[in-house]
Amino acid sequence: MKETNVQAIDCPFGFSKALDFDPTLAGFMERNSLGTIRLPYGESDAWLVTSFESVQQVTTDPRFSRAEIIEYDYPRLTAEPIVSPESINVMDPPHSSRIRHLATQAFTPRQVDRMRGRIGLLTDRLLDEMEDAGQPADLVRYLSDPLPQHTILDLLGIDRAEWPRMQEQVQRLLVVGAGNRDVARAAKEDLTGYFTELVAERRNNPGTDIISVLTEARDGTDQLDDRELAVLALTFTLSGQDTATCQISDIVYLLLTRPELAEYARAHRKDLTDFIHELLRYIPFRKGVGIPRVALEDVEMDGVVIRQGDFVHVSYLTANRDPDRYPDPHEIVPDRPVAPHMTFGWGGHRCIAVPLAMAELEVALERLLDRFPTLRLAVRPEEVRWDTETIRRFPLELPVAW
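Residues numbered from 1 in each chain as written. Predicted model: local features only at pLDDT ≥ 70, side-chain atom pairs only at ≥ 80, totals over all residues. Heavy atoms only, no water.

Caption draft 1: Summary view of the overall build of the protein. When helices and strands are counted, the protein shows 15 helices and eleven strands. By the compact-globule yardstick of 21 Å for 402 residues, the protein fits well, its C-alpha radius of gyration being 21 Å. Taken over the C-alpha atoms alone, the protein extends approximately 60 × 55 × 40 Å along its principal axes. Taking all 402 residues of the protein together, 55% fall into the buried category. Relative to all contacts within the protein whose residues are 6 or more apart in sequence, the contacts with residues 24 or more apart total 75%. (Helix = DSSP H or I, 4+ residues; strand = E, 2+ residues; numbered from the N terminus. Rg over C-alpha atoms; globule rule 2.2 N^0.38 Å. Buried < 20%, exposed > 50% of the residue type's maximum accessible area, 1.4 Å probe, protein only. Contact = heavy atoms within 4.5 Å.)

Here it is, written out as structure tokens:
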């Protein structure tokens, strides 16, 4: 068994060349044992776990804790930690299990069906605006950015006058620049304060929005308290404007640069959900890594000893490309047999709002394919500009014609 004094590799994880796989991550996948990384922020190095099986272990093994990282200046890509100490993203079972059980009551099949109807109306309105504006049009501006933002803010019952504020503050939280710490901290405090007041209001005057549903969610006599619900609303706001926003743009980019994929999507509409999952598995939807865990005791894994107190990052991106789980992992196989992927996380920290994200992706693609059967890129693929400032991977603009 190897010792833990492995030389750490500096990993800014700034690679953002279209949807190419990060060569640094690819290099870690080829190692025979775990390696360590040094990220731009945080007090120490961290182990990087890359295989599907090992990522699965770390994300479900109680010897690795998310909650304990709050005590430290943990290794990360952003200047300010994105999550709050009360966030479900940094809870361990059984506390996280309680929050998850209560929170999922906002995503029952009936609730998601209601959401799908509202998503369809929003999508149609946005595509009307794009068509009226004429071609070429920027799909990011008209669909990818506003649809997830408007959907989650609408479902949370946030007044439209506050939407620009929400969008601006979320963007400030996701920027990775060195001078962003104070700006990001202020943005998080502003959003948390806003949702704290909103939760108190909804307890007194409930409506049909997600926050109102969650104020009444019960597990026996147990309920979410105001602070828990405010932080959960902030988490939904972040995730609602993150993964789906990127993935609409990324998926459409793939369809427009690989005609055979668009043809498959149109010809196999009944299999669209499975096809979307294959695209989600393939797409490197973020840069590098997210929130780490800390080892609560010594753990032997993949040829090394992870010592008590060591930080451990997992890569969902590399797990999604693990050749031991997915034959031809670096290829998009439209009719690949369905196998769960890690784009929405795994274990106790899998995204609660997956039903909402999938509804957004399915509705957006269905409407787009139906409305614009001859949709095409209005520029050469190499002219598309990609995000380089945040932890996400997506085109800043996607000029299209039809």
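Caption draft 2: The sheet that holds strand β5 (residues 137–138), seen in detail. With respect to topology, three strands assemble into an open sheet ordered β5-β11-β10, the strand pairing being antiparallel. The outermost strands of the open sheet, each flanked by one partner alone, are β5 and β10 (376–377). The sheet contact formed by β5 and strand β11 (residues 399–401) spans two bridges and is antiparallel. Bridge pairing links Asp138 to Pro399 in β11. (Pairing = 2+ DSSP bridges.)

Caption draft 3: Quick peek at helix α6 (residues 146–155). Of all ten residues that make up α6, nine are buried, and the element is covered over most of its length. Of the residues flanking the end of α6, it is Gly157, one or two places downstream, whose phi is positive at about 75 degrees.

Caption draft 4: View of the packing of aromatic side chains. Under the counting rule described, the total for this entry stands at eight aromatic pairs. Between the aromatic rings of Phe52 and Tyr326, the centroid separation amounts to 6.1 Å while the plane-to-plane angle is 80 degrees, which identifies the pairing as edge-to-face. Residue Phe52 is found in helix α2 (residues 52–60), and its partner Tyr326 is found in the loop between α14 (316–319) and α15 (354–371); the two are separated by 274 residues along the sequence. Summarising the aromatic geometry, the rings of Phe107 and Phe236 are spaced 5.5 Å apart at their centres and angled 85 degrees between planes, so their arrangement reads as edge-to-face. Here Phe107, found in the loop between α3 (95–103) and α4 (109–133), pairs with Phe236, found in helix α10 (residues 226–240); they are 129 residues apart in sequence, far enough to count as distant. A single burial state applies to Phe107 and to Phe236, both of which are buried. One aromatic cluster is present, built from ring pairs that chain together Phe52, Tyr326 and Trp346. Against the face of Tyr74 rests Arg76, its NZ or CZ located 5.5 Å from the ring centre. We note Arg321 situated over the ring of Tyr282; from NZ or CZ to the ring centre the distance is 4.3 Å. (Phe/Tyr/Trp six-rings, centres within 6.5 Å; stacked < 30°, edge-to-face > 60°. Lys NZ or Arg CZ within 6 Å of the ring centre and 35° of its normal.)

Caption draft 5: Seen up close, the pairing of strand β3 (residues 46–49). Residues of β3 alternate between two faces, with Ala46 and Leu48 on one and Trp47 and Val49 on the opposite face, all of them buried. Across three bridges, strand β2 (residues 35–38) lies against β3 in antiparallel orientation. Bridge pairing in β3 links Ile37 to Ala46. Summarising the sheet, β3 and strand β9 (residues 311–314) pair through four bridges and their orientation is parallel. Residue pairing in the sheet places Val49 in a bridge with Val314 of β9.

Caption draft 6: Representation of helix α11 (residues 243–257) in the model. Spanning 15 residues, α11 covers 21 Å between terminal C-alpha atoms, matching the ideal 21 Å at 1.5 Å per step. For α11, the buried fraction is high: 14 of the 15 residues fall into the buried class. (Expected span 1.5 Å × (residues − 1).)

Caption draft 7: Quick look at the sheet that holds β9. Strand order across the open sheet formed by six strands is β1-β2-β3-β9-β6-β4, with mixed pairing between neighbours. Edge positions in the open sheet fall to β1 (9–10) and β4 (64–65), since each of these has one partner strand only.

Caption draft 8: Highlighting the packing of helix α8 (residues 181–204) against α10. Two elements in contact, α8 and α10, have axes whose closest approach is 8 Å; the angle formed by their N-to-C orientations is 120 degrees. If you check the angle between α8 and α10, you find them oblique. Here α8 runs over α10; the crossing is right-handed. Packed against α8, whose contacting residues are Lys188, Leu191, Thr192, Phe195, Thr196, Val199, Ala200 and Arg203, the element α10 presents Asp226, Arg227, Leu229, Ala230, Ala233, Leu234 and Thr237 at the interface. Class assignment of the residues belonging to the contact of α8 with α10 gives a composition of eight nonpolar, three polar and four charged. (Axes fitted to C-alpha atoms, helices over the stretch in contact; angles between N-to-C directions. Parallel < 35°, antiparallel > 145°, perpendicular 65-115°, else oblique. Left-handed = near helix turned anticlockwise from the far one by under 90°. Nonpolar A, V, L, I, M, F, W, Y, C, P; charged D, E, K, R; others polar.)

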